[in-house]
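Chain and residue survey
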Amino acid sequence: MIWVAEGWRRPVRRTGLGLTILAACGLLAACSEAPKVGKDRAEPPSQAQESAQPPPPPVANAPAAPEAAPPPEAKQQSEDMGGSRDSDSQTDAYKKDEAEPGSSSTFEHEANGGSGPKIPSVIGEGRIGAGAPSPSAEEPKESAPPTEVEPKAVGAAPPPPPEPSEPAGGAAPPEPPAASAEAPAPKPRASYAQPPAPSAAMPAPPPPPAPAAVVPPPAAPSAAARAAIESDPSKKFKVVPVFYGTDRAIEPDPARLQFGSERGHKLQLGRALISVPLSHKVPHIERPTVYEIPYFKYKIYEEKEDPNKHFTLQEIKSLTEEQMLALVKEQLAKSSTFKDHAFVFVHGFNTSFDCALYRTAQITYDLGFDGVPFVYSWPSGGKVASYTYDRGSVEQAEPRLAEFLTMVIQKSGAKSISLIAHSMGNELLLRVLERLKPKIPNGVVISQVILAAPDVDRDKFNIIAREISSFARGVTLYAASNDRALGYSARFWGGVPRAGDIPKDGPLIIPGVDTIDVTAVSTDALGLNHSGYAENPALLDDVKALVSLGIRPPDKRLKSILAVESAAGTFWRFQATN
């Protein structure tokens, strides 16, 4: 009943007149028979029962359907409220509502005390307020049998009707579209508990959210990323790659790949990226300040690492031989100052794995070496009291270093290779060099062999050094009279001086080997005067000139080196600097 629906959409100002209209149309009695939602009542009939029941008898004293028309007062009331409709459409709608009592046009007057807007008594049947289209004026009275729908729980709270919006400025509400001449085929009426059918007025449900994207685990920094780090003004450090080989055992550490002091009995390869601060002072290794109890390595205080101030480990990754060789050849192809050149550093006594990486990076950075730096780290105990353990570790590491050097010499693609050993590492390197002489391929040159402060028996050193001088372009021995670690080692071996020591009768002199006394330039960086080969700028300058140019004898490289004649032969000595 269109004009009654308009009365629901706009508040009725004259309640008494509305009641008179309803009573005159015979609808007040019909509304009172409609079921009340939420009140005590019997179970609603099923669809089959509802369709089988005969239509209710007409209300007494109700006017005949064809002759029904709204009284002039109702029409005047509708016009007063701003609504005007075609009289024929109102008559057809009135016929439809009278034929179907309790339909979507029926209103419950008792819901709000008999005043204000009328609320539909049945909501959720696919009718007004539920979003379903209202039947047209020409819809047949009898619909097709309803489709069987599984009944749902009775008493579920239906959704509230949509709040009507009143046009601004008191304008008349928009007119509904006129009924089409050819109405669509009637749809089966839904059961009582069926949810409302979607319509154009009801927004479509939002699509399900897309599954979260699988974030791949973070990858290792690429060459471009490392270059960006180096070129970033806010990054006050440079990254130096160091390729390593070791026979240390891996220690459990969730944060990183960690090698300890235990023997692993197998060769493991990899690459580490070491940050060197731009504030670095040649030839030191800037590390966080640590206060610890001597000999026990118990830390009382340790400064936090900062790559802008300290040498730090940025990345460490285990590699297969194929992966390592591919990266090595890539770096060799970019070399210019030290074209196709590589060096291998073998550390000494009382050195941890990380310290070996830092020392190799420091030598690489201070030399301006753009070739490929390698380090072999054998399982040193990393303590002054572990001298005996370290000696045994050197002996058992010999096959693994031989395997590592064979790979570097025969497969890396480097055409010039220099070898640098320190302290007890000389014992390990000299043993391996005895075996590698016939395995050096054509086109590969062992450029320089630098033996710094060798903790090796003098007689043994004399024999092996003569042999390696026959296939290396140059062999250099750095010795000192103030190396306390070598003095400790000499006492351990019954007072016999070591090859890197200088007793009262002078240093060890061997034909084909340049012996240089570095007592004047040695420092006490490790507390044992045992790292002078890298801790003094003058000594490092000599190493750079030797590796890059191969100039010999030593006094032709630096003015601070003088030749000294002795009964055993000629050796060279660094002059003291103020």
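The rules we used
Residues numbered from 1 in each chain as written. Predicted model: local features only at pLDDT ≥ 70, side-chain atom pairs only at ≥ 80, totals over all residues. Heavy atoms only, no water. Core = buried A, V, L, I, M, F, W, Y, C linked by side-chain atoms within 4.5 Å. Buried < 20%, exposed > 50% of the residue type's maximum accessible area, 1.4 Å probe, protein only. Helix = DSSP H or I, 4+ residues; strand = E, 2+ residues; numbered from the N terminus. Contact = heavy atoms within 4.5 Å. Axes fitted to C-alpha atoms, helices over the stretch in contact; angles between N-to-C directions. Parallel < 35°, antiparallel > 145°, perpendicular 65-115°, else oblique. Salt bridge = Lys/Arg side-chain N within 4 Å of Asp/Glu carboxyl O. Expected span 1.5 Å × (residues − 1). pLDDT = per-residue confidence, 0-100. Polar contact = N/O pair within 3.5 Å; in protein donor to acceptor, adjacent residues only side chain to side chain. Pairing = 2+ DSSP bridges. Phe/Tyr/Trp six-rings, centres within 6.5 Å; stacked < 30°, edge-to-face > 60°.

1. Let's talk about the nonpolar core
Among the nonpolar cores identified, the biggest contains 54 residues, and Phe374, Tyr376, Phe404, Leu419, Val449 and Phe461 are the most heavily contacted of them. Tallying contributions element by element places helix H11 (residues 398-411) first for this core, with seven residues. What Tyr376 contacts, discounting residues up to four positions off in sequence, is Gly245, Thr246, Asp247, Leu267, Phe345, Val346, His347, Ala397, Arg400, Leu401, Phe404 and Leu428. Within the second largest apolar cluster, 41 residues are counted, among which are Tyr244, Phe311, Leu357 and Ala480.

2. Things to note about the packing of helix H9 (residues 353-367) against helix H16 (residues 537-549)
Two numbers describe a pair of packed helices, the interaxial angle and the distance between the axes. In contact at an axis separation of 10 Å, H9 and H16 are set at 75 degrees when each is read in the N-to-C sense. Taken as axis vectors, H9 and H16 run roughly perpendicular relative to one another. On H16, the residues that touch Gln362, Asp366 and Leu367 of H9 are Leu540, Val543 and Lys544.

3. So, the pattern of salt bridges
Using the criterion set out here, one finds 18 salt bridges in the structure. Between Arg498 and Asp455 there is a salt bridge, with its nearest N and O atoms 2.8 Å apart. Taken as a pair, Arg498 in the loop between helix H14 (484-492) and strand E13 (513-517) and Asp455 in the loop between strand E11 (445-452) and helix H13 (458-468) lie far apart in primary sequence, 43 residues in all. By the burial criterion, Arg498 is buried, and Asp455 matches it. A salt bridge links Arg573 to Asp517; the shortest N-O distance between them is 3.4 Å.

4. A closer look at H11
Taking 1.5 Å of rise per residue, the 14 residues of H11 would be expected to cover 20 Å, and the 20 Å separating its terminal C-alpha atoms lies within 8% of that figure. The element H11 is largely enclosed, with a buried count of ten among its 14 residues. Taken residue by residue, H11 has Glu398, Arg400, Leu401, Ala402, Phe404, Leu405, Thr406, Met407, Val408 and Ile409 as its buried positions.

5. A few points about the confidence of the model for the protein
The predicted model of the protein averages 72 in pLDDT, with 56% of residues at 70 or higher. Here residues 58-159 is modelled with pLDDT under 50, and outside its nearest four sequence neighbours on either side it reaches 139 contacts, counting other chains as well.

6. Let's talk about unusual backbone geometry
Following Val282, the chain continues to Pro283 via a peptide bond in cis, the omega torsion being 0 degrees. Residue position: Pro283 is located in the loop between strand E4 (258-277) and strand E5 (290-293). Phi is positive for His265, which is not a glycine, with a value near 60 degrees. Assignment of secondary structure puts His265 in strand E4. With a relative accessible area of 53%, His265 lands in the exposed category. Positioned with a positive phi, Asp340 is a non-glycine residue whose angle comes to about 55 degrees. Along the chain, Asp340 turns up in the loop between helix H8 (321-334) and strand E8 (341-346).

7. A look at the side chain of Thr515
With respect to the helices and strands, the residue Thr515 is situated in strand E13. Residue Thr515 is classed as buried on the basis of its relative accessible area, which comes to 1%. Among the polar contacts made by the side chain of Thr515, one reaches the main-chain carbonyl oxygen of Leu508 at a distance of 2.9 Å. Aside from chain neighbours lying at most four places away, what touches Thr515 is Leu477, Pro507, Leu508, Ile509, Phe571 and Trp572.

8. Section: the sheet that holds strand E10 (residues 416-422)
Spatial ordering of the open sheet is given by E7-E4-E3-E9-E8-E10-E11-E12-E13-E15-E14, a layout of eleven strands whose pairing is mixed. Bordering the open sheet on either side are strand E7 (312-319) and strand E14 (561-566), each of which pairs with just one other strand. The mean inter-strand angle of the sheet, taken between neighbouring strand axes irrespective of direction, is 25 degrees. Bridging between strand E3 (residues 237-251) and E4 involves 13 bridges; their strand directions are antiparallel.

9. Considering the packing of aromatic side chains
Here the structure, examined in full by the defined rule, presents twelve aromatic pairs. Here Phe338 and Phe369 contribute two aromatic rings whose centre-to-centre distance is 4.7 Å and whose plane-to-plane angle is 50 degrees, an arrangement assigned as tilted. Within this pair, whereas Phe338 is found in the loop between H8 and E8, its partner Phe369 is found in the loop between H9 and strand E9 (372-377), the two being separated by 31 residues in sequence. As far as burial versus exposure is concerned, Phe338 and Phe369 are alike and both buried. Measuring from ring centre to ring centre gives 5.0 Å for Phe343 and Phe369, while their planes differ by 65 degrees; the resulting arrangement is edge-to-face. Highlighted residues: Phe343 in strand E8 and Phe369 in the loop between H9 and E9, separated in sequence by 26 residues. Residue Phe369 is classed as buried on the basis of its relative accessible area of 6%. Site record: aromatic cluster; members linked through ring pairs are Phe243, Phe374, Tyr376 and Phe404.

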